[in-house]
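# Understanding the architecture of this molecule
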Amino acid sequence: QVQLMESGGGLVQAGDSLRLSCTASGRTFSLYDMGWFRQAPGKEREYVAHITWTGGSTIYADSVKGRFTISRDNAKNTVYLQMNSLKPEDTAVYLCEARRGPRWEYWGQGTQITVSS
């Protein structure tokens with residue numbers, strides 16, 4: 001089992017940057033694909049980005065492509081989400097998730113990002 005804890009959220013202004021971190025417990029972190037999702041009030045959970053377990057591939061939702069960068073440091077059991085040029089529509093709870101198969105199996109409590117205009 002993997003336990004995930006996100007950090008780095010906060011209140012920022014449009015155009016600002018923020019970096020989220022997600023630290024995982026356990027010694028098998030390097031075997032998991034890691035993803036970021038977000039959920040805004042009254043909306044469904046939305047895929048943001050993910051990085052494969054090797055770190056060789058990164059995939060992004062169109063809404064964040066070119067602004068967000070996902071990366072991982074397996075030595076620190078941590079995945080990051082660098083968010084630049086933030087927009088008010090990026091306001092949401094951001095959740096870190098992990099999977100070894102086709103389904104996202106584990107997720108954290110989330111961290112709130114609020115972007116003011």
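Each remark here, short or long, concerns the structure printed above.
What you see is a predicted model, and the numbers here were worked out from it, not measured in a lab. (Residues numbered from 1 in each chain as written. Predicted model: local features only at pLDDT ≥ 70, side-chain atom pairs only at ≥ 80, totals over all residues. Heavy atoms only, no water.)

### A closer look at the pattern of salt bridges
Taken as a whole and judged by the stated rule, the model has six salt bridges. For the salt bridge of aspartate 90 with arginine 38, the shortest nitrogen-to-oxygen distance reads 2.9 Å. Of the two residues, aspartate 90 sits in the loop between strand S8 (78-83) and strand S9 (92-99) while arginine 38 sits in strand S4 (residues 33-39), which places them 52 residues apart along the sequence. Of the two residues, aspartate 90 and arginine 38, both sit in the buried class. Across the pair arginine 45 and glutamate 97 runs a salt bridge whose closest N-O atoms are separated by 2.7 Å. Taken as a pair, arginine 45 in the loop between S4 and strand S5 (46-51) and glutamate 97 in strand S9 lie far apart in primary sequence, 52 residues in all. For arginine 45, a relative accessible area of 41% puts it in the partly exposed group. Relative accessible area serves as the criterion here: at 3%, glutamate 97 is assigned to the buried category. Residues joined by salt bridges that share partners form a network here, namely Arg38, Glu46, Arg67 and Asp90. (Salt bridge = Lys/Arg side-chain N within 4 Å of Asp/Glu carboxyl O. Helix = DSSP H or I, 4+ residues; strand = E, 2+ residues; numbered from the N terminus. Buried < 20%, exposed > 50% of the residue type's maximum accessible area, 1.4 Å probe, protein only.)

### So, the nonpolar core
Formed by 31 residues in total, the largest nonpolar core has its most connected members in Leu4, Met34, Trp36, Val79, Leu81, Met83 and Tyr94. Breaking this core down by element, the ones donating at least two residues are strand S3 (18-24), S4, S5, strand S7 (68-73), S8, S9 and strand S11 (111-116). Leaving out residues up to four positions away in the same chain, leucine 4 has contacts with Cys22, Thr23, Ala24, Met34, Cys96, Glu97, Ala98, Tyr106, Trp107, Gly108 and Gln109. (Core = buried A, V, L, I, M, F, W, Y, C linked by side-chain atoms within 4.5 Å. Contact = heavy atoms within 4.5 Å.)

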